Amino acid sequence: MAKNQKLEVSILAFDTSSENIFNKQLEKMQKNEIEIVHYDVMDGVFVPNRAYGIEYLSTLYLYGFDTHVHFMVTNPWKWTKEFLHYPLNAITFHPEPISKLQTRLLIRKIQKSGKKAGLAFRPQTDINQYKNILKKADIVTIMGVNPGFGGQKFMEEITLKNLKLIKTIKDELNPSLIIQLDGGVNYDVIKLTHKYVDNFISGSFLVKQPEPIKVKEFIEQI
Ligand code: DX5
Ligand code: ZN
């Protein structure tokens, strides 16, 4: 793997109708060498949809997955306090609804607990205003769609602009920053964006693959 790029599966695309079905999907990902689960959390206010609370975190840990939480919520402090009691590896949250000071303090709080911390941005957010905070972050999630739902079409123009900007910020200010791309990822999008991205997050596209490992191999070969 030239750049140590990784592939994360978003469990938003999983069938959660029974524990047995849920576990089968995890086992399929495990067999296909997918090591990171992207864990979407939505409060129904920041985005017009609701998704998981803490209910699957222990199962993911017992299976041995790394868990990257993506908070799409208006009050990330409240949610972080709850989630920090559980085994997980990283948290990114949207800073748009809170102040810069609160954002900076929350990054520090998450890092103090030994987990990776970072920001996630809506496509329309001006990333430049967060440069100083990104200097201290471990991870950043660039959205390829408006947050809220899986299975949407990749917003090419605005996302490429954001990826180029975040790559410049990374190179100039924080070379170890992990750039994640979330939303609309498929083979074409991977080809188009691989220069800028460390971790690709995929829900609907990856979950419906008969052999998800092929997507991983594709990333490794470009
Ligand atoms: C969207 C979520 C994504 C979503 C991606 O708001 O943050 O993580 O699950 O799903 P796909 O890959 O289907 O766009
Ligand atoms: Zn997400």
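As annotated in an unreviewed UniProt entry, the protein chain is D-ribulose-5-phosphate 3 epimerase from Candidatus Malacoplasma girerdii.

K.L.:
Where do I start with the overall build of the protein chain in this structure?
P.N.:
Looking only at helices and strands, the protein chain features nine helices and eight strands. A globule of 222 residues ought to have a C-alpha radius of gyration of about 17 Å, and the protein chain, at 16 Å, matches this closely. With respect to the three principal axes, the spread of C-alpha positions in the protein chain is 45 × 40 × 30 Å. In the protein chain, which comprises 222 residues, the share counted as buried stands at 51%. Long-range contacts, defined as pairs at least 24 residues apart, comprise 66% of the intrachain contacts of the protein chain with a sequence gap of at least 6. Summed over all atoms, the accessible surface of the protein chain reaches about 10,300 Å², with 49% contributed by carbon and sulfur. Distance between charge centres in the protein chain, computed from 29 positive and 24 negative side chains, equals 7 Å.

K.L.:
Please explain the pairing of strand S3 (residues 66-72) as it appears in this structure.
P.N.:
Across a regular strand the side chains alternate sides, sitting on one face of the sheet and then on the other. Among the seven residues that make up S3, six are buried, leaving the element largely enclosed by the rest of the structure. Handedness of the crossover joining strand S2 (residues 36-42) and S3 through helix H2 (residues 57-63) is recorded here as right-handed. Taken together, the four bridges between S3 and strand S4 (residues 90-93) define a ladder with parallel strand orientation. Considered in S4, the bridge of His70 is made with Thr92. Each parallel crossover has a hand, and the one from S3 via helix H3 (residues 76-83) to S4 is right-handed.

K.L.:
It is not clear to me how the coordination of the zinc ion (ligand 2) should be interpreted in this structure. Could you clarify?
P.N.:
Think of it this way: four donors in a tetrahedron around the metal ideally sit 109.5 degrees apart, and six in an octahedron ideally sit 90 or 180 degrees apart. Surrounding the zinc ion (ligand 2) are the protein donor atoms His38 (NE2), Asp40 (OD), His70 (ND1) and Asp182 (OD), at 2.1 to 2.3 Å. Considering all six donor atoms around the zinc ion (ligand 2), the spread of angles at the metal, 73 to 173°, places the coordination shape in the octahedral class. Residue His70 is classed as buried on the basis of its relative accessible area, which comes to 0%.

K.L.:
In this structure, what is going on with the sheet that holds S4? I would like to understand it.
P.N.:
The strands making up a sheet associate through backbone hydrogen bonding, with each pair oriented either parallel or antiparallel. As summarised here, the arrangement of the eight strands in space is S1-S2-S3-S4-S5-S6-S7-S8, forming a closed barrel in which the pairing is parallel. Looking at each pair of strands side by side, their axes are set apart by 25° on average, direction ignored. Relative to strand S7 (residues 178-182), strand S6 (residues 139-143) runs parallel, the two being bridged by five bridges. Each residue of the ladder has a partner; that of Ile142, found in S7, is Leu181. Against the sheet, H3 engages S2, S3 and S4, with an angle of about 155° to S3.

Cut-offs applied
- Residues numbered from 1 in each chain as written.
- Chains lettered and ligands numbered in written order.
- Predicted model: local features only at pLDDT ≥ 70, side-chain atom pairs only at ≥ 80, totals over all residues.
- Heavy atoms only, no water.
- Helix = DSSP H or I, 4+ residues; strand = E, 2+ residues; numbered from the N terminus.
- Rg over C-alpha atoms; globule rule 2.2 N^0.38 Å.
- Buried < 20%, exposed > 50% of the residue type's maximum accessible area, 1.4 Å probe, protein only.
- Contact = heavy atoms within 4.5 Å.
- Areas by Shrake-Rupley, 256 points an atom, 1.4 Å probe, with all protein chains shown as cover.
- Lys, Arg positive; Asp, Glu negative; His and termini not counted.
- Charge placed at Lys NZ, Arg CZ, Asp CG, Glu CD.
- Right-handed = clockwise from strand over helix to strand, strands pointing away.
- Pairing = 2+ DSSP bridges.
- Donors = N, O, S within 2.8 Å, 3.2 Å for Na, K, Ca; no water.
- Tetrahedral: all angles 85-135°; square planar, octahedral: opposite > 155°, others 65-115°.
- Axes fitted to C-alpha atoms, helices over the stretch in contact; angles between N-to-C directions.

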